[in-house]
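Architecture and fold: a report
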Amino acid sequence: MKDEPISPQDSQMTRWIDALPDAPLPEGINIDEASRERAAAAAVATLLRQHVPLRQDPPYPDFFNAQVLKKIRDEEALLERAPATRQAASWRDVLGQWLRTPWMTGATAAACTAIAIFAINPRPLDEASSGTRVLTVFSPEPNTTTRVMTAADQSAVVVSVDGLSAFPSDRLVVGLHTTEPQSLVASHQP
Amino acid sequence: MMPPLHRHSRRFITALCAAWAAWTTLAPLQAAPPPPQLTALLFYATDGDGSEAPEKMPDTSGDIKRYEKALRQATTARHFHLIGKHTAEAQARFSIWLKPSPQFPLQLENTGTMPDGAITLYWILWQKETLPIKDRELVKSTTILTAKTPLIIAGPQWRNGRLIFLVRKES
């Protein structure tokens, strides 16, 4: 529902009925009719003054006062907590400003890349965690047996080929001491 | 006035993508690790003074003392004499020959590197005879070799002792 604007004539009429100073009767209004309206309004006002008390006390004053005191205590408690709240807010502000700094973009990108590289290329395991292992061993020579042993102090793995025919005593085992690079040979081409 | 955060987010994602692209491009260009070096030693184990093995060489690196305990696991002989020593690079997927003595060449093939740095070796110990057609394979094996633990091969008897080979990966 839209409020209709009050015309200046109506406003002046209302002021005249209320007997306000500097409120002359608007022009064109019948004085008798207006006086009747004024008397009716005065009668309603008198009636209201007679039946409606000018001062109204709360229904339960003790409860009202207790509620007021409780509100005061709550506000005091809020004021005591306020410094910590303000500090937290400022910490968040500082972090936000820090995150918005231009160099932060590149630095974060570099850090993320470094983390990704380390995550993808895990550090090689320590060789010490596992020693030499002989997976298969075989001697094509007849009447031979092979044994695989680990030295008592775990310092070496030993493959013993037993039953080999002795190397002829009349032949010399020539010793060499070489560190020259080898000519590479394709796989499985002795 | 500070720029809005979403503009930085866009920059951040762009920088991250650029860094990732650079890394994936440059990573394969990194220098590959050098191939491992393998050394083969030939010892003559005997109870005597070793005079019957005239081809002894001076043990300048202290190999006998270093491996004496382990060598005793392979033989009951009291003395060890170093006869030959050969070091070479074992490039992946190629066979190499280590010849601490030309009469007993070791053929080794580096078939791959384990995640812990150990290498898998397929190896054959040969015995050369006077006629090439009579060359013999004494023993063949597949072994995972680490730098910490060498491999000892107790081979044939010779004169008053036994020939013992040691293969190690240089760290």
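Every residue gets a number counted from 1 within its own chain, in the order that chain's sequence is written. Labels are handed out in written order, letters beginning with A for the chains and numbers beginning with 1 for the ligands. Side-chain atom pairs in this predicted model are given and counted only at pLDDT of 80 or more, local residue features only at pLDDT of at least 70, and totals for whole chains, interfaces and linings cover all residues. Only heavy atoms go into the side-chain values, all of them from the structure, while hydrogens and water stay out.

1. A word on the sheet that holds strand E2 (residues 145-150) of chain A
We call two strands paired when DSSP finds no fewer than two bridges between them. Segments assigned H or I by DSSP are reported as helices when at least four residues long, segments assigned E as strands when at least two residues long, and all are numbered from the N terminus. In space, the seven strands of this open sheet follow the order E2(A)-E3(A)-E7(B)-E8(B)-E1(B)-E2(B)-E4(A), with mixed pairing throughout. The two strands at the open ends of the sheet, each matched to only one other strand, are E2 and strand E4 (177-178) of chain A. Looking at chain direction, strand E1 (residues 37-46) of chain B and strand E2 (residues 79-89) of chain B are connected through ten bridges and run antiparallel. Each residue of the ladder has a partner; that of Tyr44 of chain B, found in E2 of chain B, is His81 of chain B. Sitting on the sheet, helix H2 (residues 63-72) of chain B is in contact with strand E3 (157-162) of chain A together with E1, E2, strand E7 (151-158) and strand E8 (161-169) of chain B, with an inclination near 110 degrees to E2 of chain B. The contact criterion used throughout is that any non-hydrogen atoms of two residues lie within 4.5 Å. Note on geometry: axes are lines fitted to C-alpha atoms, helical ones only across the stretch in contact, with angles between N-to-C directions running from 0 to 180 degrees.

2. Some points on the nonpolar core
In plain words, nonpolar cores are sets of buried Ala, Val, Leu, Ile, Met, Phe, Trp, Tyr and Cys residues tied together by side-chain atoms within 4.5 Å. Using a 1.4 Å probe on the protein chains alone, a residue whose accessible area is under 20% of its type maximum counts as buried, one over 50% counts as exposed, and one in between counts as partly exposed. Counting 33 residues, the largest nonpolar core has Leu106, Leu108, Trp123, Leu125, Leu151, Ile153 and Leu163 of chain B as the members making the most contacts within it. Filtering out sequence-adjacent residues up to four positions away, Ile153 of chain B remains in contact with Val159 and Val161 of chain A together with Leu106, Trp123, Leu125, Val139, Leu163, Ile164, Phe165 and Val167 of chain B.

3. Overview of the interface of chain A and chain B
It is common to report an interface's size as the accessible area lost on association of the parts. With 70 residues of chain A at the interface, the matching set in chain B holds 76 residues. Of the roughly 6200 Å² buried where chain A meets chain B, counting both sides, 59% is carbon and sulfur surface. We define a polar contact as two N or O atoms separated by no more than 3.5 Å, with the added condition that, inside protein, one atom must be a possible hydrogen donor and the other a possible acceptor, whereas residues neighbouring each other in sequence contribute only through side-chain atom pairs. The interface formed by chain A and chain B includes 28 residue pairs in polar contact (both at pLDDT 80 or more). Among the elements that take part in the side of chain A that touches chain B, helix H4 (residues 102-120) of chain A stands out by supplying nine residues, more than any other. Each residue is assigned to one of three groups, with Ala, Val, Leu, Ile, Met, Phe, Trp, Tyr, Cys and Pro labelled nonpolar, Asp, Glu, Lys and Arg labelled charged, and all others, Gly among them, labelled polar. In terms of residue class, the side of chain A that touches chain B is made up of 34 nonpolar, 26 polar and ten charged. Alignment of strand E1 (residues 133-138) of chain A against strand E6 (residues 136-145) of chain B, held across five bridges, turns out to be antiparallel. Counted as the bridge partner of Phe138 of chain A is Lys140 of chain B from E6 of chain B. As a working definition, buried area equals the accessible area (1.4 Å probe) given up by two parts on being put together, with both sides summed.

4. Some details on unusual backbone geometry
For residues other than glycine, phi is negative in most cases, and the peptide bonds are mostly trans. Residues and elements named next belong to chain A. Positive phi, normally seen in glycine, also occurs at Ala19, with a value near 60 degrees. In this fold, Ala19 is placed in the loop between helix H1 (8-17) and helix H2 (31-51). With a relative accessible area of 46%, Ala19 lands in the partly exposed category. Residues other than glycine seldom take positive phi values, yet Asp22 does so here, at roughly 55 degrees. Within the secondary structure, Asp22 is located in the loop between H1 and H2. On the basis of relative accessibility, which here comes to 75%, the residue Asp22 falls in the exposed class.

Coordinates in, geometry out; function isn't part of it.
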